[in-house]
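# Reading the structure
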Amino acid sequence: MNKRNVFYYLSKAMLMGSALFLIPAIVSLCFREFFCAAIFVAVGAGVALISAPFTAIRPKNQQIYTREGMVIAALLWVAFSLVSALPYYLSGSIPHLCDAIFESVSGFTTTGATILSDVEALPNGMQFWRCFSHWIGGMGVLVLTIAIFPSSNDAMYLMRAECAGPSVSKLVPKGKYSAVYLYLIYTAMTVFTFVLFAIGGMPVFDSMCHAMSIAGTGGFSLKNEGLVYYHSAYIEGVATVMMLLFGVNFSMIYFMLIRRFKEVRKNTELKVYLTILAVSTLIVMWNVRSLYSGIGSCFRAVVFQVVSIMTSTGLSTEDFTMWPLFSQILLLLLMFVGGCAGSTGGGFKVQRVVILWKSGKISLKKLLYLNSVNIVKSDDKTLSTDSVHGVMRYLVIYLWIIAVSVLLLSFNNADFGTTVTSVFTCINNIGPGINAVGPMGNFSFFSNFSKMILAVDMLLGRLECLPLLILFLPSVWRKDF
């Protein structure tokens, strides 16, 4: 592996990231929070001073391959999450370092799990930073770096290492321009969400922060009550529709914008995604109908919660831990499924679920017809054996991580539901679980050890396990690898 290239691109990305601290600093100044503004400037300047010297000398060989892309992505996410915890800690907004790291990781991985019981007590600049971290993490610091800096022809290796889903395809021939188009679509949709919220009477600052939170499918809110605080069916409706859209593969949105509707219509993942949302909403409505006075209020509560959970946003307007067990289990299954590949949503991804379903059917056919030739297709394209096996391998790794994490978290002596769903919601980047970590709870009661386990789970889930895990393989760091 070319270590010089790894640290060159890592430093380049961190230098880019240092500029992001200026935005919450400006917001803090607007609210006359001078101490918070100084903290953001100091942290950003410190990161820039450390990173800049390493970007001054460009390596002669700038070739990037998959292994370098994975290592760069993993190191960047770990480094940026740790650095971004400093404003919380140094400002005293979150006085314990482990808590600050947990909140930072939760923000950038768009998980939305929190250790804060009173969000409204934070300075406005810190509240903005929490939601802004969702927006940055939704598309990724690395993709932003590729979009802005002059990029090599190997940009796709970096994008594949960071972007969610079983595969990353180019929107245009060059990976750099794919990143640019992704951010243009992402930004335009965020602005559209902001405008819709503002039209509905939400204050400008609140609209901005909630738009960024929904864009990254994160779930941080400025209010302890979440969106319930605004008592608006319109605001909840806007949030529901936009969460659904941000859970869609951005390639499909790009195709709709350039009027390639045929590509959208034949996309299996999109059809399955919408079908699961619709069917789940109807089933949960039937199960909880007795808890609501009318079909309108029932639909409003259920569709919001189903979309929020499946897209991994994690915003809540209802305490779904009070719903029947059947509905709670169904929501847990939706946490597993998650959004579409190539979206800002978390979870296992609909595309992988589709591949598992189709390969399972083929395996059953093989039992009946031993000599039959069966292939797995997606959107009329034959998937390679390696692609199918890759999904299987990912599932095995994913389940092992959950098992080990649950075992380690059991030392905290929380109840079974809290322990299991804490891991499940963190690795799928959802936010709320059930029992003590339900929509009305938080993660503050966990020990520092447990919080760090859950923080690692969030990073594993956001990076889809492999980039972070290969850091611990000695062979990856050898020059002759």
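Above this text is the structure in question.
The following refers to the structure shown. (Residues numbered from 1 in each chain as written. Predicted model: local features only at pLDDT ≥ 70, side-chain atom pairs only at ≥ 80, totals over all residues. Heavy atoms only, no water.)

On to the overall build of the protein, then. The secondary structure content of the protein amounts to 22 helices and 2 strands. Sorting the 481 residues of the protein into buried and exposed places 58% on the buried side. The contacts in the protein between residues at least 6 apart in sequence include a share of 71% that link residues at least 24 apart. In the form shown here, the protein has an accessible surface area of approximately 20,600 Å², with 67% of it arising from carbon and sulfur atoms. (Helix = DSSP H or I, 4+ residues; strand = E, 2+ residues; numbered from the N terminus. Buried < 20%, exposed > 50% of the residue type's maximum accessible area, 1.4 Å probe, protein only. Contact = heavy atoms within 4.5 Å. Areas by Shrake-Rupley, 256 points an atom, 1.4 Å probe, with all protein chains shown as cover.)

This brings us to helix H16 (residues 295-310). The end-to-end C-alpha distance of H16 is 22 Å, a good match for the 22 Å that 16 residues give at a rise of 1.5 Å each. What H16 keeps buried is the set Cys298, Ala301, Val302, Val303, Phe304, Gln305, Val306, Val307, Ser308, Ile309 and Met310. In this fold, the buried residues of H16 make contact with helix H12 (233-246), helix H15 (268-288), helix H17 (325-337) and helix H18 (350-368). Residue Ser312 follows H16 closely and has a positive phi angle near 70°. (Expected span 1.5 Å × (residues − 1).)

Along the chain, Leu469 falls in helix H22 (residues 466-469). Assessed through its relative accessible area of 33%, Leu469 is described here as partly exposed.

What is expected of a backbone is that most residues other than glycine have negative phi and most peptide bonds are trans. The backbone of Arg259 shows a phi angle near 65°, a positive value even though the residue is not glycine. Mapped onto the secondary structure, Arg259 falls in the loop between helix H13 (250-257) and helix H14 (261-265). A relative accessible area of 67% places Arg259 in the exposed class. Even without glycine at this site, Asn435 takes up a positive phi of about 60°. Along the chain, Asn435 turns up in the loop between helix H20 (416-427) and helix H21 (448-462). For Asn435, a relative accessible area of 43% corresponds to the partly exposed category.

Before going further, it helps to examine the packing of aromatic side chains. The tally for this structure, following the rule as stated, stands at 26 aromatic pairs. Taking 6.0 Å as the distance between ring centres and 45° as the angle between the ring planes, the aromatic pair formed by Phe21 and Phe80 counts as tilted. Taken together, the residues span a long stretch of sequence, with Phe21 in the loop between helix H1 (3-20) and helix H2 (22-30) and Phe80 in helix H4 (residues 66-84) at a distance of 59 residues. Residue classification places Phe21 among the buried residues on the basis of a relative accessible area of 0%. A connected cluster of aromatic rings, assembled from ring pairs, spans Phe21, Phe40, Phe80, Phe108, Phe128, Trp129, Phe132, Trp135, Tyr183, Tyr186, Phe246 and Phe250. Sitting above the plane of the Tyr229 ring, Lys223 keeps its charged end 4.6 Å from the centroid. (Phe/Tyr/Trp six-rings, centres within 6.5 Å; stacked < 30°, edge-to-face > 60°. Lys NZ or Arg CZ within 6 Å of the ring centre and 35° of its normal.)

Turning our attention to the packing of helix H6 (residues 97-108) against H21. As a packed pair, H6 and H21 sit with axes 9 Å apart at the nearest point and diverge in direction by 20°. Compared by their axis directions, H6 and H21 come out roughly parallel. Our pair here, H6 against H21, has a crossing hand that is left-handed. Across the interface between the two elements, Cys98, Asp99, Ile101, Phe102, Val105 and Ser106 from H6 touch Asn448, Lys451, Met452, Leu454, Ala455, Met458 and Leu459 from H21. A breakdown of the residues in the contact of H6 with H21 according to their chemical character gives 9 nonpolar, 2 polar and 2 charged. (Axes fitted to C-alpha atoms, helices over the stretch in contact; angles between N-to-C directions. Parallel < 35°, antiparallel > 145°, perpendicular 65-115°, else oblique. Left-handed = near helix turned anticlockwise from the far one by under 90°. Nonpolar A, V, L, I, M, F, W, Y, C, P; charged D, E, K, R; others polar.)

Among the secondary structure elements, Thr55 is positioned in helix H3 (residues 34-55). Here the side chain of Thr55 touches Ala52 through a polar contact of 2.8 Å, landing on its backbone oxygen. Setting aside residues up to four positions removed in sequence, Thr55 forms contacts with Tyr8, Ser11, Lys12 and Leu15. (Polar contact = N/O pair within 3.5 Å; in protein donor to acceptor, adjacent residues only side chain to side chain.)

Okay, helix H11 (residues 204-215) next. For H11, which comprises 12 residues, the first-to-last C-alpha distance of 16 Å matches the rise-based estimate of 16 Å (1.5 Å per residue) to within 8%. Of all the 12 residues making up H11, 10 are buried; the element is thus mostly covered by neighbouring parts of the structure. When H11 is considered as a whole, its buried residues turn out to be Phe205, Asp206, Ser207, Cys209, His210, Ala211, Met212, Ser213, Ile214 and Ala215. Positive phi shows up at Thr217, right after H11, with a value of about 45°.

Its boundaries defined by the atoms lining it, the second largest pocket holds a volume of some 520 Å³. Lining the second largest pocket are 29 residues, and of these Thr114, Lys223, Asn224, Pro439 and Gly441 sit closest to its centre. Partitioned by chemical class, the residues of the lining of the second largest pocket number 11 nonpolar, 15 polar and 3 charged. (1 Å grid on protein atoms, 1.4 Å probe; cavity = no way out; pocket = protein on both sides within 12 Å on 5 of 7 lines; lining within 4 Å. Points joined across faces, edges and corners; volume = space filled by probe spheres on them.)

Quick look at the packing of H18 against helix H19 (residues 385-409) now. Viewed as axis vectors pointing N to C, H18 and H19 meet at an angle of 110°, and their least axial separation amounts to 10 Å. The orientation of H18 relative to H19 falls into the category roughly perpendicular. Every residue of H19 that contacts H18 at Arg352, Ile355, Leu356 and Ser359 is listed here: Val388, Val391, Met392, Tyr394 and Leu395. Of the residues contributing to the contact of H18 with H19, the split by class is 7 nonpolar, 1 polar and 1 charged.

Considering all chains together, one arrives at 6 salt bridges under this definition. Note that Arg260 is salt-bridged to Glu263, the shortest N-O span being 3.3 Å. Accessibility expressed as a relative area gives 26% for Glu263, which makes it partly exposed. Ionic pairing is found between Lys349 and Glu464, a salt bridge with its closest N-O pair at 3.4 Å. Here the residue Lys349 occupies a position in the loop between H17 and H18, and Glu464 occupies one in the loop between H21 and H22, the gap between them amounting to 115 residues. The same class applies to Lys349 and to Glu464, which are both buried. (Salt bridge = Lys/Arg side-chain N within 4 Å of Asp/Glu carboxyl O.)

Okay, a positive patch on the surface next. Taken together, the side chains of Lys262, Arg265, Lys266 and Lys381 make up a positively charged region of the molecular surface. Relative to the helices and strands, Lys381 resides in strand E2 (residues 381-382). Here Lys381 falls in the exposed class, since its relative accessible area comes to 56%. (Patch = residues over 30% accessible without salt bridge, like charges linked within 9 Å, V, L, I, M, F, W, Y side chains within 5 Å. Lys, Arg positive; Asp, Glu negative; His and termini not counted. Charge placed at Lys NZ, Arg CZ, Asp CG, Glu CD.)

Taken together, the side chains of Leu86, Tyr89, Leu90 and Leu97 make up a nonpolar region of the molecular surface, amounting to roughly 330 Å² of accessible area. Counting residues per element, the nonpolar patch draws most heavily on helix H5 (residues 86-90), at 3 residues. Topologically, Tyr89 is positioned in helix H5. According to the relative accessible area criterion, Tyr89 is partly exposed, its value standing at 35%.

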